[in-house]
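Spelled out, the chains give:
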Amino acid sequence: MAPPKQRTTTVRGVSGKLFDSPPTASSDGLVCILRASPSPPTSTSAFTVTAFSSTGDELAALDEKGRLTVFYLASNRYAVLKRAGARGVQIAYSPSSRAVVGALGRPSELFVALADASIECFDTASKQLLGVMRHPGLNHTIRKLELHPTRDLLLSCSGEAATLWSTTTFGRLRALNAEKTRPLLDAAFVPPADTLLTCFESAVVQWTLGPTCGATATYHVNPDAVRLKTITVSSDGALLVGAGEGGWLAVWSLVKQEILRIVRLPPAAGAVSSLTFLPAGGAGGALDVVEEKSGARRQTLALVCADGALRIVEPTEALLLRTLKPSYGGAPGALAGVTVDSGGRHLASTLGDGSIVVHHLDTLCAGAPVGEFGELHQIAAKPGASKRLN
């Protein structure tokens with residue numbers, strides 16, 4: 001069954017109206033479907049990367065042609081901000097906290113990494129290009145962009161280097177270069193501290209962001225069990241989770257600087273391509289795990305797996321809470337990636353056919369079967385799987 005037409009918009013031209021009337025969530029949580037502009041008009045194009053603004057009122061997307069489209073959900077409009085030049089490959093919005101602390105930070109700042117390793121900054125409110133950042137000699141594609149939660153810092157990551165940029169001057173501040181035989185796979189800030197993590201196949205290295213930018217700890221993992229591909233950090237900076245091939249997850253405490261668990265998803269899941277912590281209280285609290293004694297809420301993880309499903313996991317207790325396969329019109333679609341707004345209200349899924357499906361996360365989770373709920377397979381974590389360097 002095809003999705004309702006009133007919930008579907010195809011980008012045509014440089015700007016336009018999203019819907020005749022703003023759609024409401026259906027019984028399965030579906031809000032709308034967004035499709036890229038045909039190019040040329042007789043062919044189709046696919047969205048590849050998405051990002052929500054800090055307020056959740058905007059959703060930015062890149063398509064396979066590298067065009068940048070911003071969906072202004074609150075005002076029911078869209079606009080194509082970039083159509084020519086080098087192809088865009090990654091995007092990231094400025095967090096709202098930087099709008100207060102930073103000199104130039106504003107929630108409408110949108111950073112776009114291009115295929116030529118440069119980075120452009122747009123103001124989505126004025127639709128103007130604010131500045132360009134260039135890293136001469138960088139040959140690998142940028143695979144990650146991340147803004148520091150409180151400082152005017154942008155992190156870009158490629159196989160060659162993790163680079164820090166000033167979002168005030170758009171100048172390059174520092175680059176942590178990878179070895180030729182040991183490519184860099186991912187990097188992340190640790191909120192709220194001035195700390196940076198770089199991820200390699202068998203280890204994660206922790207760095208301070210001071211004048212010397214020195215390494216302070218290394219978190220090792222047995223590559224025979226877990227080959228890391230990507231990492232994420234909880235919003236309180238307490239937990240580090242790494243994921244990769246075979247559906248394995250490694251969970252570290254950044255407070256104690258030690259490994260807590262190594263767990264494996266069900267065999268059908270396959271490799272984890274991306275993972276992110278969900279905001280506490282998101283989805284109406286349906287995905288939070290509450291501690292019995294303290295009543296504290298522990299953050300949960302959203303994992304995009306090779307089988308096209310989205311799995312929700314509580315990493316410290318190794319619990320699989322939900323297995324979701326977002327659909328439209330009753331037809332499930334294999335996930336290529338997801339992004340969740342900072343309030344945990346909406347989930348934007350990029351499907352294998354290149355469309356973006358936006359769901360109301362609370363309704364989607366409430367209607368989903370618990371599925372494979374239960375403890376995940378665990379193997380013993382080796383003592384000393386981290387090493388302090390200071």
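No experiment lies behind these values; they were computed from the predicted model shown.

Q: What is the right way to look at the overall build of the chain in this model?
A: Along the chain, the regular secondary structure elements total two helices and 37 strands. Counting only residues that meet the buried cut, the chain has 56% of its 390 residues in that class. Taking as baseline every contact in the chain between residues at least 6 positions apart, the subset at least 24 positions apart corresponds to 51%. Surface exposure of the chain reaches about 16,400 Å², of which carbon and sulfur atoms provide 51%.

Q: I keep staring at the side chain of Thr232 and nothing clicks. Help me out?
A: By the element assignment, Thr232 lies in strand E20 (residues 228-233). In contact with Thr232, other than residues within four places in its own chain, are Leu239, Leu240, Val241, Leu275, Thr276, Phe277 and Leu301.

Q: Honestly, unusual backbone geometry in this entry has me stumped. Any pointers?
A: One can expect most non-glycine residues to show negative phi and most peptide bonds to be in trans. Of note, the amide linkage connecting Pro191 to Pro192 takes the cis form, showing an omega dihedral of -5 degrees. Positive phi, close to 75 degrees, is recorded for Ala117, a residue that is not glycine. Among the structural elements, Ala117 can be located in the loop between strand E9 (109-114) and strand E10 (119-123). Overall, the relative accessible area of 3% leaves Ala117 in the buried class. One non-glycine residue, Ala318, adopts positive backbone phi at about 55 degrees. Along the chain, the position of Ala318 falls in the loop between strand E28 (310-314) and strand E29 (319-324).

Q: Explanation requested: the pairing of strand E7 (residues 77-82) in the structure shown.
A: Remember that side chains alternate between the two faces of the sheet whenever the strand is regular. For E7, a buried count of five out of six residues is recorded, marking the element as mostly surrounded by other parts of the structure. Pairing analysis gives three bridges linking strand E2 (residues 15-17) to E7, with the strands arranged antiparallel. Bridge pairing links Lys17 to Arg77 in E7. The pairing of strand E6 (residues 68-72) with E7 spans five bridges and is antiparallel. The residue of E7 that forms the bridge with Leu68 is Lys82. Count of turn residues in the E6/E7 antiparallel hairpin: four residues, of which Asn76 carries a positive phi of about 65 degrees.

Q: How do you make sense of the sheet that holds strand E14 (residues 161-166) when you look at a structure like this?
A: Whenever strands of a sheet pair, they do so through backbone hydrogen bonds, lying parallel or antiparallel. The strand order across the open sheet formed by four strands is E12-E13-E14-E15, and the pairing between neighbours is antiparallel. If you trace the sheet from one side to the other, it starts and ends with strand E12 (144-147) and strand E15 (172-177), each paired once. The mean inter-strand angle of the sheet, taken between neighbouring strand axes irrespective of direction, is 15 degrees. Sheet topology note: the E14/E15 ladder contains five bridges and is antiparallel. Bridging across to E15, Ala161 finds its partner in Asn177.

Q: Sorry, what's going on with the environment of Asp353 here?
A: Note on placement: Asp353 falls in the loop between strand E33 (346-351) and strand E34 (356-360). Assessed through its relative accessible area of 45%, Asp353 is described here as partly exposed. With 305 residues separating them along the chain, Asp353 and Thr48 place their C-alpha atoms 9.8 Å apart. A polar contact of 2.7 Å, which involves the side chain of Asp353, links it to the side chain of Ser355.

Thresholds, definitions, all that
- Residues numbered from 1 in each chain as written.
- Predicted model: local features only at pLDDT ≥ 70, side-chain atom pairs only at ≥ 80, totals over all residues.
- Heavy atoms only, no water.
- Helix = DSSP H or I, 4+ residues; strand = E, 2+ residues; numbered from the N terminus.
- Buried < 20%, exposed > 50% of the residue type's maximum accessible area, 1.4 Å probe, protein only.
- Contact = heavy atoms within 4.5 Å.
- Areas by Shrake-Rupley, 256 points an atom, 1.4 Å probe, with all protein chains shown as cover.
- Pairing = 2+ DSSP bridges.
- Axes fitted to C-alpha atoms, helices over the stretch in contact; angles between N-to-C directions.
- Polar contact = N/O pair within 3.5 Å; in protein donor to acceptor, adjacent residues only side chain to side chain.

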